[in-house]
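Coordinate analysis (summary)
Take a look at the letters that make up each chain.
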Amino acid sequence: MISLQSLDMSESARNAIEGQQRYNPAEVEPKWQARWDADQSLYAAEGHDSGKPKFYCLEMLPYPSGQLHMGHVRNYAIGDALARFMWMRGYNVLHPMGWDAFGLPAENAALKNNTPPAEWTLANIASMKRQFRRLGMGFDWTAEVTTCLPDYYRWNQWFFLKMYDRGLAYRKKSKVNWCPECQTVLANEQVIDGRCWRHEDTIVEQRDLTQWFLRITKYADELLTGLDKLDGWPEKVRTMQRNWIGRSEGTLVDFAVDGAPETITVFTTRVDTIFGATSVQLAPEHPVAKSFAACDVALAAQVEEMLAQQKAAREAGDIGAIEKHGVDTGRFAINPFNGELVPIWVANYILADYGTGAIMSVPAHDERDFEFAGKYGLPVRRVIVPKAGTNADEQLPYTAEDDAVLADSGEWTGESCVDAQRKMAAFAAANGFGSATVTYRLKDWGVSRQRYWGTPIPMVYCTNGHAGTEAGGVVPLPESALPVVLPEQIEITQQGGSPLGRVADFVNTTCPVCGGPARRETDTMDTFVDSSWYFYRYTDAKNPVAPFDSAKANYWFPIDQYIGGVEHAILHLIYSRFWTKVMWDLGLIENDEPAARLFTQGMVVKDGAKMSKSKGNVVSPDLMIERYGADATRMYALFAAPPDRDLEWQEDGVAGISRFLSRVHRLTMKYSEIAAQRNQATGSRVDESACAQALLRRLHQTIAKITLDFSGRWHFNTCIAAVMELVNVIVANEAAMDSGEVPAAVVGDVFRNLVLMLAPFAPFLAAELWEAVGGEGAVFRIAWPVADEELTREAEVEIPVQMNGKLVTVIRVPAGSDEATIKAAALADAKVAARLEGKTVVKVIVVPGKLVNIVVR
Ligand SMILES: [Zn+2]
Ligand SMILES: [Zn+2]
């Protein structure tokens, strides 16, 4: 790896000697920025009929906080380098940008500064857009999407109505996650270790609220199986999604309550162990537990106690670690497989919202049940044993399924566990007391937020109520009533509840069905709705009559490369896959997955920690640009670490890149006239001087390396290091170039291609130098150089030749020679031939490129 220190020779001294001005990005970069800004078509995607292959290059859109941070710079530098490379490879590239513009910070800022959220947000967008331009990002601003504007969020409302029509949006009262800091409900995905995803120190509470949900669980299986196709996604992201969806196959079995009309349905993944069930355990909130408690004061108190324990455990962030308690209700359930009575318990570790909120407890074959039975002295009955001939493991609990068979299990005794699970589920179904089933960890997506700055939910509550509508007179608005526009002048307070509820003009409306008085829904949508489909809007951002034109989306989708942080592995990346599947069902698109390839870049850290205001280790991109220029800042973000790893920000490194760019500028300017002459090479390149050959070889090796890296792993750090090595070879041959030993054609070739290779990483300098070497048009629209494989080869390599393990001589062969060529060359060598006289060659061992060993007798 090339070291930055090796570049640290005084460029300014050399510039002084050569009478040139030091490269000044503060002058050059704004000059090009102004030229680029003046031409909106420069980075604009072309139509379907461009005749070029398409490439949709997308980085996740930022939240407009007002300031880009270094993590953004890194994310967008990766995407921009790729977009520029693909343009140069002749693709029709869509490289858009937008703003994930709804969200809580705007409301907090409104409180603090008394600025309306819309004003604050739009001002932030303007300032971040300035930063993007200053960084030279090649975005297609004609496709800009701003999610807080009605021309965008009306389509959130439109999708919501479509989902409501299809039963995919529904309202229910349920236990929800409540962040006291956000003063709003959170989706399950937004609760991380019991805390708010926005407020790491805030414990999420549980509340009972009536909320709107999107039925993502309907797509659970599709979301799961779809992952198998996504081989362009990081395996870790696919694994996280699989775990989040959490599919498990099992059986539902109804246990009748002895002496009562109720039934308890348990969910089990091991119905084959049911003859070993020694109790049934209920969640404290289970309706049967509640009904028992209603006529048992002591039990009622204990159930309350357990509910409190669950709440505390949830709030402490780890419900799985709850200390297990239970209470025997004194009642019995009937095991439908053998008619046996088993005691009914209520236990604090059974969750109402997982499975059916009831389990059968089989201590002999389940770790958790074994522990619980031990604590309360419940019987342990073994019904699974190792298959005959395998080693009997007498240790309990015995949880094996493979190579295990049933014992003491009636007619299923002797069956393998796997067969018994299938047969017993079928038996339960045939006899009307159960069925095979699949459950998921994934829950429906709660999208109601008690916040102002979000998309209004397009529903009203008619005070007359309506036959055929839900209780409460829920009436969807017709599409013609869209958009439901957020009122802009609104006082933001911390009173709690939905702020829109205090805006009478907004709340009071008429019912679209009966014309009577109605109230609007005052909750707004989770902002993850906005980012669930924004990338489709980019393909047709100004469409006034539809979310997008299907033909346009079908041309651009799937996204060829999506780039963003791994923190979105569950939230955004699962919601947007769900949204895509819904849109597919609506007939809007032809792809059922949004992104063919996903790349998750590492974080930018400083002094070993993630940059954050509270740690005081934030490095401002603006400051870096001011000191070193935009090219050096973004190129350093690509150079300092492989893009999938964390990057430790070191200002020395940026300074080093800045010196390197200065050197490239000095050299290119020095030879720019020769390069601009565009001399054609004459005759065979092999005839050229050793210096010329060395330059050409390194040039083509560098082209080959970067070209290869752009198609896969994107180790731009080693690409940039390769460009640095090329520049070192140029410096080493400066005298030869000056003396004319290197033909002008070669000098021109080297510098023009050097500039082209810099274009994806340092667009401003590349544009400046491209003009200097007589290049016409935008540098990133010039065809990417093609490596001449012949020229990449090292001319000759030296290979030692041994005879019976002893060195005889060293031969020179063309690099990359095959085994037969090397063997022939070794045997033909004069020294070897002399030693072979009178001997027999037993065999010749050739290690290509390394060694020849001739075994003789
Ligand atoms: Zn919060
Ligand atoms: Zn009505």
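None of the values given here were measured: they were computed from a predicted structure.

About the thresholds
- Each chain has its residues counted from 1, following the order in which its sequence is written.
- Whichever chain is written first becomes A and whichever ligand is written first becomes 1, with later ones labelled in order.
- For a predicted model such as this one, the threshold for reporting local features is a pLDDT of at least 70, and the threshold for listing and counting side-chain atom pairs is 80 or more; totals across whole chains, interfaces and linings nevertheless cover every residue.
- Side-chain metrics in this entry use all non-hydrogen atoms of the structure; hydrogen atoms and water are not considered.
- Here, any two strands with at least 2 DSSP bridges between them count as paired.
- Secondary structure elements are taken from DSSP: a helix is a run of H or I of four residues or more, a strand is a run of E of two residues or more, and numbering for both begins at the N terminus.
- Lines are fitted to the C-alpha atoms to define the axes, a helix being fitted only along its stretch in contact, and any angle between axes, read from their N-to-C directions, falls within 0 to 180 degrees.
- Coordinating donors are taken to be N, O and S atoms lying within 2.8 Å of the metal, or within 3.2 Å when the metal is Na, K or Ca; because water is excluded from the atom set, some sites may appear incomplete.
- Here a site with four donors is tetrahedral if all angles are between 85 and 135 degrees, and a site with four or six donors is square planar or octahedral if opposite donors are over 155 degrees apart and the other angles are between 65 and 115; anything else gets the irregular label.
- Definition used for salt bridges: Asp or Glu carboxyl oxygen within 4 Å of a side-chain nitrogen of Lys or Arg.
- The buried label goes to any residue with under 20% of its type's maximum accessible area, the exposed label to any with over 50%, and the partly exposed label to all in between, with areas taken from a 1.4 Å probe on protein chains only.
- The quantity called pLDDT is the predictor's confidence in a given residue, expressed from 0 to 100.
- Contacts are assigned to residue pairs with any non-hydrogen atoms lying within 4.5 Å of each other.
- Among the buried residues, those of types Ala, Val, Leu, Ile, Met, Phe, Trp, Tyr and Cys that are joined through side-chain atoms within 4.5 Å form a nonpolar core.

Now for the sheet that holds strand 21 (residues 459–462). On the basis of which strands lie adjacent, the open sheet formed by four strands has the order 22-21-24-23 and antiparallel pairing. The open sheet is flanked by strand 22 (474–476) and strand 23 (508–510), the only strands paired with a single partner. Recorded for the sheet is a direction-independent mean angle of 45° between the axes of neighbouring strands. As defined by bridge partners, strand 23 adjoins strand 24 (residues 517–520) across three bridges and the pair is classed as antiparallel. When the bridges of strand 24 are listed, Asn 508 appears paired with Arg 519.

Below, the discussion takes up the coordination of the zinc ion (ligand 1). The protein atoms donating to the zinc ion (ligand 1) are Cys 179 (SG), Cys 182 (SG), Cys 196 (SG) and His 199 (ND1), with metal-donor distances spanning 2.0 to 2.3 Å. Around the zinc ion (ligand 1) sit four donor atoms; with metal-centred angles ranging over 103 to 117°, the donor geometry is tetrahedral.

A full pass over the atoms with the stated rule returns 38 salt bridges. Residue Glu 479 is joined to Lys 162 by a salt bridge in which the shortest nitrogen-to-oxygen separation is 3.1 Å. With Glu 479 in the loop between strand 22 and helix 13 (504–507) and Lys 162 in helix 6 (residues 150–165), the pair connects residues that are 317 residues apart, well separated along the chain. Its relative accessible area of 41% is what places Glu 479 among the partly exposed residues. The salt bridge involving Glu 651 is made with Arg 627; its shortest N-O contact spans 2.7 Å.

Glancing now at the confidence of the model for the protein. Looking at the protein as a whole, its pLDDT mean stands at 91, while 95% of the residues score no less than 70. Low pLDDT (under 50) marks residues 1–9, which in the prediction has 21 contacts with non-local residues, meaning those over four places away or in another chain.

Core analysis: the biggest nonpolar cluster contains 199 residues, and Trp 445 and Trp 649 have the highest contact counts within it. It is helix 3 (residues 70–88) that contributes the most residues to this core, twelve residues altogether. The residues contacting Trp 445, other than those within four sequence positions of it, are Ala 187, Trp 212, Phe 213, Leu 214, Ile 216, Asp 526, Phe 528, Val 529, Ser 532, Tyr 575, Phe 578 and Trp 579. Counting 38 residues, the second-largest nonpolar core is a separate cluster that includes Val 266, Val 327, Val 362 and Met 424.

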